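# A closer look at the structure
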Amino acid sequence: MNPTIAFVTLGCAKNSVDSEKAMGALVSDGFSLTQDPASADVVIINTCGFIESAREESIDEILQIAELKKTGSLRSLIVGGCLAVRYRDELEAELPEVDRFLGLLDPVEIRAVCRETAAQLTGHADSGGVEIPGRAEVLLDIPRVLTTPGHFAYLKIAEGCSNACSFCAIPLIRGVSVSVEPDDLITESAALGRAGVKELILIAQDTTLYGRDLKGGSGGITTDIAGLLRRLDSELEGIEWIRLMYAYPSRVTDDLLDVMASSSRIVSYLDLPVQSGSDSVLEAMRRGMGRSATLELFHKVRDRVPGITLRTSLIVGFPGESERDFLETLDLITEVRFERLGVFTWSPEEGTPSFELDGRVPEEEMERRAAEVLSVQRNIMLEINGSLTGEMVEVMVDELLDDLPPFSWLGRTRGDAPEVDQGIYLEGPGGDAPQPELKPGDIVHAEVVGHIDFDLEGVIAGD
Ligand code: SF4
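Residues numbered from 1 in each chain as written. Predicted model: local features only at pLDDT ≥ 70, side-chain atom pairs only at ≥ 80, totals over all residues. Heavy atoms only, no water.

## Quick notes on the overall build of the protein chain
Scanning the protein chain from terminus to terminus reveals 15 helices and 18 strands. Computed over the C-alpha atoms, the radius of gyration of the protein chain is 23 Å, within 12% of the 23 Å expected from 2.2 N^0.38 for a compact globule of 463 residues. C-alpha atoms of the protein chain, sized along the principal axes, occupy 65 × 65 × 50 Å. For the protein chain, buried positions account for 53% of its 463 residues. (Helix = DSSP H or I, 4+ residues; strand = E, 2+ residues; numbered from the N terminus. Rg over C-alpha atoms; globule rule 2.2 N^0.38 Å. Buried < 20%, exposed > 50% of the residue type's maximum accessible area, 1.4 Å probe, protein only.)

Below, the structure is given as structure tokens:
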């Protein structure tokens, strides 16, 4: 009998999609999965390794799971993903408790490795004779095992990144940007729609790089992110919302903004990491766009896509970032008033150009700057939330609540991406109106009646 396998996935949504495809390939090959590593014969850890804190978390997880060899049913520990790609030799030397190291999780390779492992563990010769399907079949025809709740799913449209931001190790780990063929993405998305997915979230390291490496458009449509969005919008059934994450400022085109503004299914939401508000820091980061062009872009985006929700990410404490540079970053977020924002402190990454730069900012000062960004952003978000009172919003239900009266559901507006943004607590229509029977993925209209910190409160419209 095939061994039972558990996956532990760390890091970003791109890693989750890799695990989901690998799990799908194993299930279709007769392996059974468990969510509990303690009851698995084989555990596959999909690691993250792009900054120090992520590496520590991955190592801790490996050591913790390895303990199950002594206490649990664990017989084989397999480690893959970004940490394993970046530090293979060191890990092999330092972690003898790991039976096998892999690169980024690939469904074809995972299937072959698990067959071999099964043969070793059961003493039965690997069936080897049976032809392992080609990459295309595995990716397209075999359903992913979703790790997200079934009503939303990520669509990974490309692997790697061809940008060269001086602080980032991802191109060293995942290589240059390689787009998935649009026809394959349509096939994959359609299968997700048939499986009940209502929200499709497009991800890559840089989604706006999409298609630049593809030879000629398939189906005659220019293959870039705007073209892909148009095809998804016109060809998919069952999917209610399409969301775009990880865009790159200098690659936001008018055509992209037009397709967002003209579609009701593509939510007016754009995740556009700016990283800094200072020209000298942006130049040292090799972001390819300065402060005034960045500001111009945000004003244009707000003009071309009215009501858009803008998310951004910032890095504070980049080597050489002066107090004046930092104040320019604060000034930029005060001017743009992002609805959603994340901030990170610079992480010294070996092999990246910024690792060699002088003028490192002390850890304490980096933390102070990050806290100041969050404090400024907090006031902006509370003001924005306050201004929404009385507005009608469209909400996708994420979960049912039975212990938080008067709220019966938690959901998100079109302006909230899952797992990173805020939510809206919903109570049913007032008065004698019948209470709706809602499930995750259902879409309702609600009046915003207030907010609890960053989360909104809403009452479902009676109609
Ligand atoms: S866009 Fe820049 S920060 Fe993002 S993955 Fe690519 S190189 Fe890294």
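## Quick notes on the nonpolar core
One finds Ile-157 and Leu-202 to be the most contacted residues of the largest nonpolar core, which totals 52 residues. Apart from the residues within four sequence positions on either side, Ile-157 is in contact with Ser-179, Val-180, Leu-185, Leu-202, Ile-203, Ala-204, Thr-207, Tyr-210, Ile-225 and Leu-228. Formed by 22 residues, the second largest nonpolar core is a distinct cluster that contains Ala-40, Ile-62, Ile-65 and Val-79. (Core = buried A, V, L, I, M, F, W, Y, C linked by side-chain atoms within 4.5 Å. Contact = heavy atoms within 4.5 Å.)

## Side note on the pattern of salt bridges
Pairing between side chains of opposite charge can happen when their charged atoms approach one another. For the coordinates displayed, the defined rule picks out 41 salt bridges. Measuring nitrogen to oxygen at the nearest pair gives 3.1 Å for the salt bridge that ties Arg-88 to Glu-92. Within this pair, Arg-88 and its partner Glu-92 are both found in helix H5 (residues 88-94), separated by four residues, close to a single helical turn. Arg-302 is paired through a salt bridge with Glu-339; the nearest N and O atoms lie 3.0 Å apart. (Salt bridge = Lys/Arg side-chain N within 4 Å of Asp/Glu carboxyl O.)

## Overview of the packing of helix H9 (residues 182-194) against helix H10 (residues 225-235)
At a closest axis distance of 11 Å, the pairing of H9 and H10 adopts a crossing angle of 35 degrees. As for the relative orientation of H9 and H10, their crossing is right-handed in sense. Contacts from Pro-182, Asp-183, Leu-185, Ile-186 and Ser-189 of H9 reach H10 at Leu-228, Arg-231, Leu-232 and Glu-235. Broken down by class, the residue content of the contact of H9 with H10 amounts to five nonpolar, one polar and three charged. (Axes fitted to C-alpha atoms, helices over the stretch in contact; angles between N-to-C directions. Left-handed = near helix turned anticlockwise from the far one by under 90°. Nonpolar A, V, L, I, M, F, W, Y, C, P; charged D, E, K, R; others polar.)

## Brief notes about the packing of helix H11 (residues 254-262) against helix H13 (residues 291-304)
Running from N to C, H11 and H13 point in directions that differ by 30 degrees, and their axes come no closer than 9 Å. The angle between H11 and H13 places the two elements in the roughly parallel class. Between H11 and H13 the crossing geometry is right-handed. Contacts between H11 and H13 involve Asp-254, Leu-257, Asp-258 and Ala-261 on the former and, on the latter, Lys-300, Val-301 and Arg-304. Its residues assigned to classes, the contact of H11 with H13 shows three nonpolar, no polar and four charged. (Parallel < 35°, antiparallel > 145°, perpendicular 65-115°, else oblique.)

## Thoughts on empty space enclosed by the protein
Counted by the stated rule, this structure contains two cavities of 30 Å³ or more. Roughly 60 Å³ of volume is contained in the largest cavity. Around the largest cavity sit Tyr-248, Pro-249, Ser-250, Val-274, Ser-276, Leu-282, Arg-287, Met-289 and Thr-294, which together line it. Per-class residue counts for the lining of the largest cavity are five nonpolar, three polar and one charged. (1 Å grid on protein atoms, 1.4 Å probe; cavity = no way out; pocket = protein on both sides within 12 Å on 5 of 7 lines; lining within 4 Å. Points joined across faces, edges and corners; volume = space filled by probe spheres on them.)

## Some points on the sheet that holds strand E17 (residues 443-452)
Backbone-to-backbone hydrogen bonds join strands into a sheet, with any given pair of strands oriented parallel or antiparallel. If you walk around this closed barrel you meet the five strands as E14-E15-E16-E18-E17, and the pairing is mixed. Direction aside, the axes of adjacent strands within the sheet are offset by 45 degrees on average. (Pairing = 2+ DSSP bridges.)

## So, unusual backbone geometry
With an omega of 10 degrees, the peptide bond running from Pro-405 to Pro-406 counts as cis. With respect to the helices and strands, the residue Pro-406 is situated in the loop between strand E14 (392-404) and strand E15 (407-413). Its identity is not glycine, yet Gln-275 carries a phi of approximately 75 degrees, on the positive side. Mapped onto the elements of the fold, Gln-275 is located in the loop between strand E11 (266-271) and helix H12 (279-284). Backbone geometry at Glu-419 places phi at a positive 70 degrees, although glycine is not the residue there. The topology assignment puts Glu-419 in the loop between E15 and strand E16 (424-427). By relative accessible area, Glu-419 is classed as exposed at 60%.

## Re the domain arrangement of the protein chain
As assigned here, the protein chain comprises domain 1 (4-122), domain 2 (152-387) and domain 3 (392-460). Tallying the contact residues gives 21 residues for domain 2 and 22 residues for domain 3. With both chains or domains summed, domain 2 and domain 3 bury close to 1,800 Å², and 54% of this area falls on carbon and sulfur atoms. It is Trp-241, Arg-340 and Asn-385 that lose the most area in domain 2 upon contact with domain 3, and together they represent 34% of the buried surface on that side. (Domains from an automatic or database assignment. Buried area = accessible area lost by both parts, 1.4 Å probe.)

## Digging into the sheet that holds strand E6 (residues 152-156)
Pairing is parallel across the open sheet formed by six strands, whose spatial order is E6-E9-E10-E11-E12-E13. Pairing within the sheet leaves two strands with one partner each, and these edge strands are E6 and strand E13 (340-345). Shown here is a sheet whose adjacent strand axes are inclined to one another by a mean of 20 degrees, direction ignored. Summarising the sheet, strand E12 (residues 309-316) and E13 pair through six bridges and their orientation is parallel. Bridging from a neighbouring strand, Thr-312 pairs with Leu-341 of E13. Contacts from H11 reach strand E10 (241-244) and E11 within the one sheet, and its direction differs from that of E11 by about 140 degrees.

## Examining H11
Of the positions making up H11, those classed as buried are Leu-256, Leu-257, Val-259 and Met-260. For H11, the angular spread of buried residues about the axis comes to 160 degrees, placing them on one side. Where H11 is buried, its residues touch H10, E10, E11 and H13. (Arc of directions from axis to C-beta.)

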